[in-house]
Amino acid sequence: MGIDIQKSIIIDVSALTKQEVFNLISKEAVSNGYADNATLLLKALNEREAEGTTGMMDGFAIPHAKSKTIKKPAMVIFKLTEGVEWNSMDGKKIEFVISLMIPEKEKGTTHLQLLSKVARLLMKNDVKQLLKNANSASEIDSIFTRYITK
């Protein structure tokens, strides 16, 4: 099952809080044309986070949003310069953020497919290590292309 998804990947992102990360995600999504309104996207990310943490295990988080402001399915991926407190499932700070943005009209289809693929990907220790060790956006992109969009 292939998923056509745009990706924005940035390494060495400096943020001190989860809220700062959400602000950066929202701005990145708008600047790349994935969404129309950073404020509405930020609101959608915060509303989802209020339902339960998106901080997974081993330093990874999967914040996601469904909103009318989102124009096309996209991922914003940040490799952080230092860990951010996220209330993660294992209590570890988050160092790698995989944010999913899905248009409201695709919330039951693309959203579930993509979230499922990313969650399964993060169950593989070898893939997590590849992502953590990646030193460039192109390395990270090739990992996601291999495992997510094939």
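Structure: see above.
Throughout what follows, the structure given in this document is the object of discussion.

About the thresholds
Numbers given for residues are sequential positions, taken from 1 along each chain in its written order. Local features in this predicted model are restricted to residues of pLDDT 70 or higher, and side-chain atom pairs are both shown and tallied only at a pLDDT of 80 or more, whereas totals for entire chains, interfaces and linings draw on every residue. Excluding hydrogens and water, the side-chain values take into account all heavy atoms of the structure. A helix here means a DSSP run of H or I that spans at least four residues, while a strand means a run of E at least two residues long, and both kinds are numbered starting from the N terminus. With a 1.4 Å probe rolled over the protein chains alone, any residue whose accessible area is under 20% of its type maximum counts as buried; one over 50% counts as exposed, and the rest are partly exposed. Residues enter a nonpolar core if they are buried and are Ala, Val, Leu, Ile, Met, Phe, Trp, Tyr or Cys, with the set joined through side-chain atoms within 4.5 Å. Only heavy atoms enter the contact rule, under which two residues are in contact if any of them lie within 4.5 Å. Whenever Lys or Arg places a side-chain nitrogen within 4 Å of a carboxyl oxygen from Asp or Glu, that contact is recorded as a salt bridge.

1. Things to note about unusual backbone geometry
One non-glycine residue, Asp58, lies in positive phi territory at about 60 degrees. One can find Asp58 in the loop between α2 (38–51) and β2 (60–61). For Asp58, a relative accessible area of 23% translates into the label partly exposed.

2. A word on the nonpolar core
One finds Val21, Ile25, Leu41, Phe78, Trp86 and Val97 to be the most contacted residues of the largest nonpolar core, which totals 24 residues. Counting only elements with at least two residues in this core, the list comes to α1 (18–31), α2, β4 (74–84) and β5 (94–103). In terms of residue count, the dominant contributor to this core is β4 (five residues). Beyond its immediate stretch of four places on either side in the chain, Leu41 contacts Ser26, Ala29, Ala35, Ala65, Thr69, Ile70 and Met101. Among the nonpolar cores identified, the runner-up in size contains 21 residues, and Ile9, Leu114, Leu121 and Leu122 belong to it.

3. Digging into the pattern of salt bridges
In total, this model carries six salt bridges according to the counting rule given. With its nearest N and O atoms 3.1 Å apart, the salt bridge here joins Glu47 to Lys43. Of this pair, Glu47 and Lys43 both sit in helix α2, four residues apart, which is roughly one turn of that helix. You can call Glu47 partly exposed: its relative accessible area is 43%. Salt-bridge contacts for Lys128 lead to Asp58; the nearest nitrogen and oxygen are separated by 2.4 Å. Here the residue Lys128 occupies a position in helix α4 (residues 125–133), and Asp58 occupies one in the loop between α2 and β2, the gap between them amounting to 70 residues. The class of Lys128 is buried, set by a relative accessible area of 9%. Because the salt bridges share partners, they merge into one network encompassing Asp58, Lys92 and Lys128.

None of this, on its own, says anything about what the molecule does.
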